[in-house]
Structures are given as structure tokens and as C-alpha cells.
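Chain residues, written in single-letter form:
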Amino acid sequence: MSVQMIQPKPAPKLRLKGISKEFIAPRTGQRTLAVADFNLDVQPGEFICIVGPSGCGKSTVLNMIAGLEKSTSGSIEMDGKAISAPGAERGVMFQDYALFPWKSVRDNVGFGLRHGTAGAGMAKAEREDRINHFVQLVGLKGAESKYPHQLSGGMRQRVALARLLANGPDVLLMDEPLGALDAQTRLVLQVELLRIWGETGNKDDRKTVIFITHGIDEAVFLADRVVVMSSHPGRVSAVLDVDIPRPRTEEVRLDPRFAELSEEIWSLIRDEAYRAIA
Ligand SMILES: Nc1ncnc2c1ncn2[C@@H]1O[C@H](COP(=O)(O)OP(=O)(O)OP(=O)(O)O)[C@@H](O)[C@H]1O
């Protein structure tokens, strides 16, 4: 008789348990149930993409994990502890760069280290090394003294990513970070993002990522799992494993499995996507 060892599942990095969010308009009192009974466990180092029709509640879910919005019911846990406010261990990145226009690349990247909790107690030399490391990691070496207006959109998002990483969060919460970029830059930065995330390195060194996108191809290219949402109210309608091996290179986009998964996701949101913009 053979005895099968059952490996215990690691404790989730994030646990979203039955969360809902109802917005109440201050003047009219009109209620909008944006998210209802949203459940998701995210494993450490996992790359999760959330897709769904416009207005289905993707940003609301992300903002609740970031602690920028309070959930109306349910609970959000990180490493087993309840989250209800923003915290340095969860870094957020948005579509619109959010850089300081009057600060250089170097000073933008180092902002959190100089003024936030991330750099508290850090010696100047260590802080400067850390800034150099992340500037280099995102491919901005040589552009340290430039200002945001001197950079392309893609470079600005590299600065925003370096700043996010320099603060050393455990979880990266990314709301359409490539959404404002032209199509070619977007494809290049998807590959870059996986490199920076550590796709070719040790799995245990990777950050946990929640990444919102309108791009189904983008989600399939990046994610370990794609969470598909339906709307009114926003719920999880499906969770798909992206069983395409890593590291993922440009060739992946030609893989029949890539097309198959993209088609499956589109079929899940197509009807609602048409209704959302009708
Ligand atoms: N502060 C708010 N007050 C009232 N309603 C809100 C607020 N924020 C979001 N909503 C509503 O909640 C729902 C979900 O919005 P949310 O922005 O989370 O969706 P989304 O999927 O991120 O949208 P998109 O894909 O267009 O970016 C929408 O109906 C939206 O109008």
C-alpha cells in the first residue's frame, strides 16, 4: 500500500472573504452596490490579473485591498491579519504616473525612502544604493537627472514602478498601470514587468501582485490566474489558471493556448462588455 503525502497549502498572502461595497451618494442618498460577496485567496508570490466589463468594480476591489475604501461587509486579511487602512506593505500604482513634475527621476524614485516610513532609520548611503538599484532594475540608468516632462509615457511608468518597488512593499496593487500607453510600449513593458517581478528567478522572491486590466491579452500574458468579474454588482464569475509555462517571452503570444484562454475570457465578459458601452 502506498501512502500519499498531502502537501499543506501555504497560508494565503491575501484573503478576501465575502467583501461587498455599497456607495451612498452624499446629496441624493442614492445607493450603488458596486461589489457583492467577493471571495478570493491569493498565494504568496502569485500574479493575479482582474478583468471584467467597464464599471464592474475592479478598482473598488483594489482600493479596498489598498485600504483606500472601506468594505461595507466581509473581511480582507493579509498574512492572517485584518486590513482596514493603507499600509506600507501594500504599494499601489495607478494609470496616471502620479509623479512629482518638479522632481527628477532620482528624487521621484527616492521620495518614499526620504519622506515615508520605508526609509526610516536607513543610512543615507544605503538609501542612495537602493535608489540606484531600482533605477537600474527598471532600465532608467542614465536618466536619473531627467524630469517627468522629458520622459516618454513608458519611461514615466518605469519611474512609478521603481518608486513603488523602492518602498519595499510585499504586495503590489496595480490599477491599469499600462493603460495609458501606446500599444507597442505596452507590449514591451509587459515583458519588462515580468522580468522585474522576477519571473526567471526564485519563485519565493516574487512579490504578490494584483493587477487590473482591460486587456484580456495582457492578463493572459502576465497572470498565474485571471479573475473574471461580472457586474451589477461586481462578483467573481470565474477564476482561470493560466497554464502557460514561465518565463513567458514574445513567442507566447503565438501559442494556441494563449488564444484559447483569451477567447474563453472574452466569451465570459462579451455580453456584459457590449451592454456596458451601449
Ligand atoms: N465613489 C463612488 N461613489 C459612487 N459610486 C461609485 C464610486 N466609485 C465607484 N462607483 C461605482 O461603482 C461601480 C464600480 O466602479 P469601479 O470604478 O470600481 O469599476 P471598474 O470595473 O474599475 O471600472 P472601469 O473598468 O471603467 O475602470 C460603478 O458603478 C461606479 O459608478
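Note that the structure is a prediction, hence the values are computed from the model and not measured.

Topic: the site of the ligand
Turning to step 1, where the next piece is worked out: Taken together, Phe23, Thr32, Ala34, Gly52, Ser54, Gly55, Cys56, Gly57, Lys58, Ser59 and Thr60 make up the full set of residues adjacent to the ligand.
Turning to step 2, where the next piece is worked out: Broken down by secondary-structure element, the contributors of at least two residues to the shell around the ligand are strand S2 (31-42) and helix H1 (58-66).
Turning to step 3, where the next piece is worked out: Per-element tally for the shell around the ligand: the top contributor is H1, with 3 residues.
Turning to step 4, where the next piece is worked out: Residue composition of the shell around the ligand, grouped by class: 3 nonpolar, 7 polar and 1 charged.

Overview of the confidence of the model for the protein chain
When pLDDT is low, close inspection of the predicted coordinates is not appropriate.
Turning to step 1, where the next piece is worked out: Within the protein chain, residue pLDDT values average 91, and 97% of them lie at 70 or more.
Turning to step 2, where the next piece is worked out: Reported confidence for the predicted complex is 0.97 by ipTM and 0.93 by pTM.

Brief notes about the sheet that holds strand S5 (residues 81-82)
Turning to step 1, where the next piece is worked out: Sheet architecture is open: 4 strands sit in the order S2-S1-S4-S5, paired in antiparallel fashion. Sheet topology places S2 and S5 at the edges, where each strand pairs with a single neighbour.
Turning to step 2, where the next piece is worked out: Relative to strand S4 (residues 73-78), strand S1 (residues 14-24) is paired through 5 bridges, and the arrangement is antiparallel. The partner of Leu16 across the bridge, within S4, is Ile76.

Quick word on the pairing of strand S9 (residues 225-230)
Put simply, side chains in a regular strand alternate between the two faces of the sheet.
Turning to step 1, where the next piece is worked out: Two elements, strand S3 (residues 47-51) and S9, share 4 bridges in a ladder whose sense is parallel. Bridge pairing links Ile50 to Val227 in S9.
Turning to step 2, where the next piece is worked out: Relative to strand S10 (residues 235-241), S9 runs antiparallel, the two being bridged by 6 bridges. Bridge pairing in S10 places Met229 opposite Val236.
Turning to step 3, where the next piece is worked out: The turn linking S9 back onto S10 is made up of 4 residues, and His232 within it adopts a positive phi angle of 55°.

Here's the deal with the nonpolar core
For soluble globular proteins, the rule of thumb is that nonpolar side chains tend to be buried together.
Turning to step 1, where the next piece is worked out: Of all hydrophobic cores here, the largest spans 68 residues; its most connected members are Ile48, Ala162, Ile210 and Val226.
Turning to step 2, where the next piece is worked out: Looking at this core, the element that brings in the most residues is helix H5 (residues 153-166), giving 7 residues.
Turning to step 3, where the next piece is worked out: The two domains that each donate at least three residues to this core are domain 1 (14-89 + 170-277) and domain 2 (100-169).
Turning to step 4, where the next piece is worked out: Every residue in contact with Ala162, bar those within four places of it in the chain, is listed here: Val109, Phe134, Val135, Leu137, Val138 and Leu140.

Overview of the sheet that holds S10
Turning to step 1, where the next piece is worked out: Read from one edge of the open sheet, 6 strands run S6-S7-S8-S3-S9-S10, paired in mixed fashion. Strands with a single pairing partner mark the edges of an open sheet, and in this sheet they are strand S6 (90-93) and S10. Strand after strand, the sheet turns through a mean of 20° between neighbouring axes, direction not considered.

Some words on the packing of H5 against helix H6 (residues 183-197)
Turning to step 1, where the next piece is worked out: Running from N to C, H5 and H6 cross one another at 20°; their axes reach a closest spacing of 11 Å. The angle between H5 and H6 falls in the class roughly parallel. Here H5 runs over H6; the crossing is right-handed. Each of Gly153, Gly154, Gln157 and Leu161 in H5 lies in contact with H6, whose residues at this interface are Thr185, Leu189 and Ile196.
Turning to step 2, where the next piece is worked out: Its residues placed into classes, the contact of H5 with H6 shows 3 nonpolar, 4 polar and no charged.

Brief notes about the pairing of S2
Turning to step 1, where the next piece is worked out: Taken together, the 8 bridges between S1 and S2 define a ladder with antiparallel strand orientation. Counted as the bridge partner of Ile19 is Phe38 from S2.

What about the domain arrangement of the protein chain?
Turning to step 1, where the next piece is worked out: Here the protein chain is described as being made up of domain 1 (14-89 + 170-277) and domain 2 (100-169).
Turning to step 2, where the next piece is worked out: Taken together, the contacts link 13 residues of domain 1 with 13 residues of domain 2.
Turning to step 3, where the next piece is worked out: Contributions of two or more residues to the side of domain 1 that touches domain 2 are made by strand S7 (171-175) and H6.
Turning to step 4, where the next piece is worked out: Looking at the side of domain 1 that touches domain 2, the element that brings in the most residues is H6, giving 4 residues.
Turning to step 5, where the next piece is worked out: Taken together, the residues that form the side of domain 1 that touches domain 2 break down as 9 nonpolar, 1 polar and 3 charged.

Quick notes on unusual backbone geometry
Turning to step 1, where the next piece is worked out: Looking along the chain, the bond that leaves His232 and enters Pro233 is cis, with omega of -5°.
Turning to step 2, where the next piece is worked out: As for its position among the elements, Pro233 is in the loop between S9 and S10.
Turning to step 3, where the next piece is worked out: Cis rather than trans, the peptide bond between Arg246 and Pro247 has omega equal to -5°.
Turning to step 4, where the next piece is worked out: Its identity is not glycine, yet Asp79 carries a phi of approximately 50°, on the positive side.
Turning to step 5, where the next piece is worked out: Among the secondary structure elements, Asp79 is positioned in the loop between S4 and S5.
Turning to step 6, where the next piece is worked out: For Asp79, a count of 14 C-beta atoms within 10 Å translates into the label partly exposed.
Turning to step 7, where the next piece is worked out: Given 16 C-beta atoms within a 10 Å radius, His232 is considered partly exposed.

What counts, and at which threshold
Starting afresh in each chain, residues are numbered from 1 along the sequence in its written order. Residue-level local features of this predicted model are given only where pLDDT is at least 70; pairs of side-chain atoms are given and counted only at 80 or more, and the full residue set underlies all totals for whole chains, interfaces and linings. In this entry, near means the residue's backbone-placed C-beta atom lies within 6 Å of the molecule or strand. Note on conventions: DSSP H or I runs of at least 4 residues are helices, E runs of at least 2 residues are strands, and numbering of each starts at the N terminus. Throughout this entry, Asp, Glu, Lys and Arg are counted as charged residues, while Ala, Val, Leu, Ile, Met, Phe, Trp, Tyr, Cys and Pro are counted as nonpolar. The remaining residues, Gly among them, count as polar. One confidence number per residue, pLDDT, is output by the predictor and ranges from 0 to 100. When DSSP finds at least two bridges between two strands, those strands are taken to pair. Connectivity within a nonpolar core runs through C-beta atoms within 7 Å, and the core itself is a set of buried Ala, Val, Leu, Ile, Met, Phe, Trp, Tyr and Cys residues. To sort residues by burial, count the other C-beta atoms lying within 10 Å of each one's C-beta; a count of 20 or more means buried, 12 or fewer means exposed, and anything in between means partly exposed. C-beta atoms are built from the backbone. Domain start and stop positions are those given by an automatic or database domain assignment. The contact criterion used here is simple: two residues whose C-beta atoms, placed from the backbone, lie within 7 Å are in contact. Every angle, taken between N-to-C directions, lies between 0 and 180 degrees, and every axis is a line fitted to C-alpha atoms, over only the stretch in contact when it is a helix. Roughly parallel here means an angle under 35 degrees, roughly antiparallel means over 145, roughly perpendicular means 65 to 115, and every remaining angle is called oblique. Working rule for handedness: look at the near helix, and if it is turned counterclockwise from the far one by less than a right angle, call the crossing left-handed; if clockwise, right-handed.

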